[in-house]
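# A closer look at the structure
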Amino acid sequence: MSTSRKLITLDEFTIQQTREFPKATGELSALLRDISLACKLINKQVNKAGLVDIIGKFGATNVQGEEQMKLDIYSDEMLINVLRNSNDCAGIASEENDDFIAFDDEYSINSKYVVLFDPLDGSSNIDVNASIGTIFSIYRRVSPLGAPCTKEDFLQPGNKLMAAGYVIYGSSTMLVYATRLGVNGFTLEPSIGEFCLSHPNMVCKESGNIYSINQGNSRHYDDGMVAYLDYCMEINKEEGRPYSHRYIGSMVADLHRNLIKGGIFIYPGDKKNPKGKLRLQYECNPFAFIIEAAGGMSTDGTVRTLDIQPVELHQRVPVYVGSKKMVEKAMEYVAKHQDVS
Ligand code: P6P
């Protein structure tokens, strides 16, 4: 009898999942396979970034006004090329590109899905070797098949997501993705070049004792946020407070830790940036979908993130995401002080 646990690859897993849906055509599985291929190519460069001339600044800024790193551009191009050459994607929108790209070949115009991604989130951490990641979202098109996709395909609210996930390039390389069936994590086995199931049925704990926020911005926070941070730092042994402050400055790394250990991640709006910093379509919605599928919660402080109707591709929203009870408590403070202010 074999003593080694059979490795289940991402491909085998997604094929097994399609058995839950007799009418499934396997296109979503194929799309996940395409994304995983692009991320393996990105991983290869990220892992040796210090050795080749691919770290450092690209010498341009993106639509966000952020300085682009060479690896940002490389990662963006990898995802676009792989998805353009698949038969599974009608077009993409990237955090690194001003506008969406409709693939207009005869195969792509008949594809059911569009993909949005942040190709390398947290890339400012590359030169300090902190974990960074790729974030992706998959929507079914609302535009008619047989013609190029349109902007409306990319401006759907997160509650229309078919799947969302991320790859974290860290001490190991992991792909985590969510569908309405749940959240599963796969670790890259370099010797066979496959993502293998390592974290089945991931669950976001109802509460935790980690809070993640860039407290350096607190002078701009409104009273509700200041009061909530005081709450996090108060001594209350029964409730496990003071919480531990953990903030890497890479959303994928912070959210991955909080998904596994429990916790809350906040990038609030403040007096200087009322909409906060993070992008609804490339960062907040995919993580809101993943965390909700794992039993957690995500809002902009008052409204469920997934219910926000996007009005433009790169819009920013405040985000409170993670363990349900912790997000609810933070919203209490926001609401209490909103009434007062
Ligand atoms: P700050 C990285 O630039 C990013 O988009 C997220 O990955 C991260 O959570 C956030 O910005 C960090 O922003 O202002 O705290 O440096």
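Residues numbered from 1 in each chain as written. Predicted model: local features only at pLDDT ≥ 70, side-chain atom pairs only at ≥ 80, totals over all residues. Heavy atoms only, no water.

### Some thoughts on the packing of helix α1 (residues 10–18) against helix α2 (residues 27–46)
A pair of packed helices can be characterised by two numbers: the angle between their axes and the separation between those axes. The contact between α1 and α2 brings their axes to 9 Å, and the two run at 160°. If you check the angle between α1 and α2, you find them roughly antiparallel. For α1 against α2, the interelement crossing comes out right-handed. Along the contact surface, α1 presents Leu10, Asp11, Thr14, Ile15 and Thr18, while α2 presents Ser29, Leu32, Arg33 and Ser36. Tallied by class, residues from the contact of α1 with α2 come to three nonpolar, four polar and two charged. (Axes fitted to C-alpha atoms, helices over the stretch in contact; angles between N-to-C directions. Helix = DSSP H or I, 4+ residues; strand = E, 2+ residues; numbered from the N terminus. Parallel < 35°, antiparallel > 145°, perpendicular 65-115°, else oblique. Left-handed = near helix turned anticlockwise from the far one by under 90°. Contact = heavy atoms within 4.5 Å. Nonpolar A, V, L, I, M, F, W, Y, C, P; charged D, E, K, R; others polar.)

### Quick word on the pairing of strand β5 (residues 113–121)
The buried fraction of β5 amounts to nine of the nine residues, a majority that puts the element mostly inside the structure. The pairing of strand β3 (residues 89–94) with β5 spans five bridges and is classified as parallel. The partner of serine 94 across the bridge, within β5, is phenylalanine 117. In terms of strand pairing, β5 meets strand β6 (residues 132–140) through seven bridges, oriented antiparallel. (Buried < 20%, exposed > 50% of the residue type's maximum accessible area, 1.4 Å probe, protein only. Pairing = 2+ DSSP bridges.)

### Structural notes on the confidence of the model for the protein chain
Mean pLDDT for the protein chain: 92, with 93% of residues reaching 70 or above. Quick note on the complex model: pTM equals 0.94, ipTM equals 0.97. (pLDDT = per-residue confidence, 0-100.)

### Quick look at the pairing of strand β9 (residues 182–189)
Two faces, one strand: in a regular strand the side chains alternate between the faces of the sheet. Judged by how many residues are buried, β9 sits mostly within the fold: six of eight residues are covered. Sheet topology places strand β8 (residues 173–179) next to β9; six bridges connect them, and they run antiparallel. Bridge assignment links valine 176 to a residue of β9, and that residue is glycine 185. As judged from the five bridges shared by β9 and strand β10 (residues 194–199), these two strands associate in the antiparallel manner.

### Description of the pattern of salt bridges
Enumeration over the complete set of coordinates arrives at 13 salt bridges. We note a salt bridge from glutamate 12 to lysine 6, for which the minimum N-O separation is 3.1 Å. Its relative accessible area of 56% is what places lysine 6 among the exposed residues. Between glutamate 328 and lysine 324 there is a salt bridge, with its nearest N and O atoms 2.7 Å apart. (Salt bridge = Lys/Arg side-chain N within 4 Å of Asp/Glu carboxyl O.)

### So, the environment of serine 171
In this fold, serine 171 is placed in the loop between β7 (161–169) and β8. Using a relative accessible area of 88% as the deciding quantity, one classes serine 171 as exposed. With 42 residues separating them along the chain, serine 171 and asparagine 129 place their C-alpha atoms 10.0 Å apart.

### Some points on the site of the ligand
Every one of the 13 residues lining the ligand counts as a neighbour, but Asp121, Asn214, Tyr247, Met251 and Tyr267 are closest to it. A distance of 2.5 Å separates an oxygen atom of the ligand from a polar atom in the side chain of tyrosine 247. Its free accessible area being 400 Å², the ligand has 82% of it covered by the protein chains. (Near = heavy atom within 4 Å. Polar contact = N/O pair within 3.5 Å; in protein donor to acceptor, adjacent residues only side chain to side chain. Areas by Shrake-Rupley, 256 points an atom, 1.4 Å probe, with all protein chains shown as cover.)

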